[in-house]
Amino acid sequence: MQTKEPQAIRRVVIAGGGTAGWMAAAALSKTLGKLLDITLIESDEIGTVGVGEATIPTLLTFHNLLELNEQEVMAATQATFKLGISFEGWRNVGEDYIHSFGLTGTDHWTAGFQHFWLKGVERKLARDYGEYCLELKASQHQRFAHLPNGGMNYAYHLDASLYAKFLRKFSERFGVKRIEGKIGEVNTDAATGHITSLKLDSGATIEGDLFIDCTGFRALLIGQTMGIEYEDWSHWLLCDSAIAVQTASVGPALPLTRSIAHPSGWQWRIPLQHRVGNGKVYSSRYIDDDAARATLMGNLAGEPLTTPRLIKFQPGQRRETWHGNCVSLGLSSGFLEPIESTSIHLIQRGIIRLLQLFPSAGICQSEVDEYNRQSRAEIEHIRDFIILHYHVTNRDDSAFWRYCREMEIPASLRHRIELFRETGRVFRIENELFAENSWIQCMLGQGIMPKQHHQTADLMGDAELLHFLEGIRTRIEQTVKQLPPHQAYVQQYCAAAPPM
Ligand SMILES: Cc1cc2nc3c(=O)[nH]c(=O)nc-3n(C[C@H](O)[C@H](O)[C@H](O)COP(=O)(O)OP(=O)(O)OC[C@H]3O[C@@H](n4cnc5c(N)ncnc54)[C@H](O)[C@@H]3O)c2cc1C
């Protein structure tokens, strides 16, 4: 393959108009819209994956970058607040824990709060770890309010198709051109291998300098055209199928995503203002689609509003997420599974990284390599965090859980688990999404009890330690009492118009 002089990037073509496509269009048009000519192509006939409704707090950063008004976004997307995820039956059947978005307790610079809590447990002075976390307690009591100085960490549950519509309107205001049509052919330059244009079934040809593949699992550009291989992680992440269905709400919306473990996977419940999103995620090696559908339909709280939809996926990651003049975002670039709601976050990170490395003067391989290096590191950390949920469990009631318990795990994860089990210590790796408190909540929640704590905690006598722990706990208890019910807060803050 020949190399040519780099070509300045002015025409950006986004293939696909799901969450990934419209998030990319919104961010690129808002930040570089005056310098670029941006076109998005989407196909009504193909449609979008139609799931992806639980988010994590980093989405607030994305919305700040776009200068969006929170009340407007929430009202337009039938959104509710999310304070964490309730993991039900993951450690053991009948045992639950919450991975909340808040901080737990107060750290000392030498030792995290968990060391003081462990000492408290040893001395019978401490309650459950979650008692020292405001967001966790608020979610248990179904309460929510914005507190001064970002005193409450939260994310949203939102309707994915309304979110894409909202971002479409936003992007069009900033000059994005939308074309409805099916891409039938992807043309490339024989010398460089770069994509030159997309040919639609209508006969129209859309030329560009940089192409963003947001075509979902089809990966029409990065996979089918560029031939970039997909690295399969299904030996660690067994779930490869999902069935999704929407139901009517039967009670106030919880400020929590529910994740209910099953013998061969798990089930989600995502409460929105106008309905609840439900789905069963499972491994097709251990349960067939009909049986999975039957379990899901037998475990719904409200009247089904849609026909259950089957979605097949392969957990893994594209070996390069940027190749030549094609950057892949969203499902075309890789997908782990929905358990920790990290996919929209990865889209957002990909967009921010692309903006930071934007090749205005032409594509330079070192930029591409850096983009790919950062993307890989980011998804591998998240992959390890997700594997933790399956591997560290006391469940042995099914072949699925027995495989998960016994499987070989990545060395990076094995090290983290051993360090925590032996010493109670956790360190966040540079730029890693999940901070110490997420790891601690999930490692404790899945059943790891560290063998020791840091000596700093021993410097406190019993009375001082009890005073410290109770001080945190009672402050949280008092704050939670003053918060309004989540449902009432949503109603007065961002009530959506009734669905048409
Ligand atoms: C079961 C499941 C649950 C999930 N839950 C969550 C969650 O709770 N939180 C979260 O963060 N993420 C979740 N995700 C991931 C999330 O759904 C996706 O990351 C997000 O929706 C982005 O999808 P996408 O835009 O890449 O693809 P899609 O939504 O599939 O969009 C693809 C777009 O490409 C277009 N297209 C494809 N081929 C062509 C063509 N030939 N011509 C023209 N257009 C074309 C389609 O029309 C569509 O517009 C979940 C995923 C699954 C599978």
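Values in this document were obtained by computation on a predicted structure and should not be read as measured data. (Residues numbered from 1 in each chain as written. Predicted model: local features only at pLDDT ≥ 70, side-chain atom pairs only at ≥ 80, totals over all residues.)

> So what exactly am I meant to see when it comes to the sheet that holds strand S20 (residues 326-328) here?
Hydrogen bonds along the backbone pair up the strands of a sheet, which may run parallel or antiparallel. Overall, mixed pairing links the six strands, which are arranged S7-S2-S1-S11-S20-S19 in an open sheet. At either end of the open sheet lies a strand with only one pairing partner, and these are strand S7 (177-180) and strand S19 (322-323). Looking at chain direction, strand S2 (residues 37-42) and S7 are connected through four bridges and run parallel. Directly across from Thr39, in S7, lies its bridge partner Lys177. Sitting on the sheet, helix H1 (residues 19-32) is in contact with strand S1 (11-15), S2 and strand S11 (210-213), with an inclination near 170° to S2. (Pairing = 2+ DSSP bridges. Helix = DSSP H or I, 4+ residues; strand = E, 2+ residues; numbered from the N terminus. Contact = placed C-beta atoms within 7 Å. Axes fitted to C-alpha atoms, helices over the stretch in contact; angles between N-to-C directions.)

> What is the right way to read the packing of helix H9 (residues 343-356) against helix H10 (residues 365-391) from this model?
At a minimum axis separation of 11 Å, H9 and H10 run at an interaxial angle of 160°. The angle between the axes of H9 and H10 places the two elements in the roughly antiparallel class. H9 and H10 meet at a crossing whose hand is right-handed. Here Leu346, Arg349, Gly350 and Arg353 of H9 lie close against H10, whose contacting residues are Tyr371, Gln374, Ser375, Glu378 and Ile379. For the contact of H9 with H10, the per-class residue count stands at three nonpolar, three polar and three charged. (Parallel < 35°, antiparallel > 145°, perpendicular 65-115°, else oblique. Left-handed = near helix turned anticlockwise from the far one by under 90°. Nonpolar A, V, L, I, M, F, W, Y, C, P; charged D, E, K, R; others polar.)

> Just checking my understanding: could you explain the domain arrangement of the protein chain for this structure?
Each domain of the protein chain was delimited in the assignment, giving domain 1 (11-53 + 159-231 + 315-363) and domain 2 (104-151 + 383-482). The gap between the C-alpha centroids of domain 1 and domain 2 is 38 Å. Contacts between domain 1 and domain 2 engage six residues on the former and five residues on the latter. (Domains from an automatic or database assignment.)

> Even after reading the chapter, I still don't get the site of the ligand, so can you show me in this structure?
As a structural note, the neighbourhood of the ligand is formed by 38 residues, with Gly16, Gly18, Gly52, Gly216 and Gly330 the closest of them. Elements with a contribution of two residues or more to the shell around the ligand: H1, S2 and H9. Of the residues assigned to the shell around the ligand, the class counts are 17 nonpolar, 17 polar and four charged. (Near = placed C-beta within 6 Å.)

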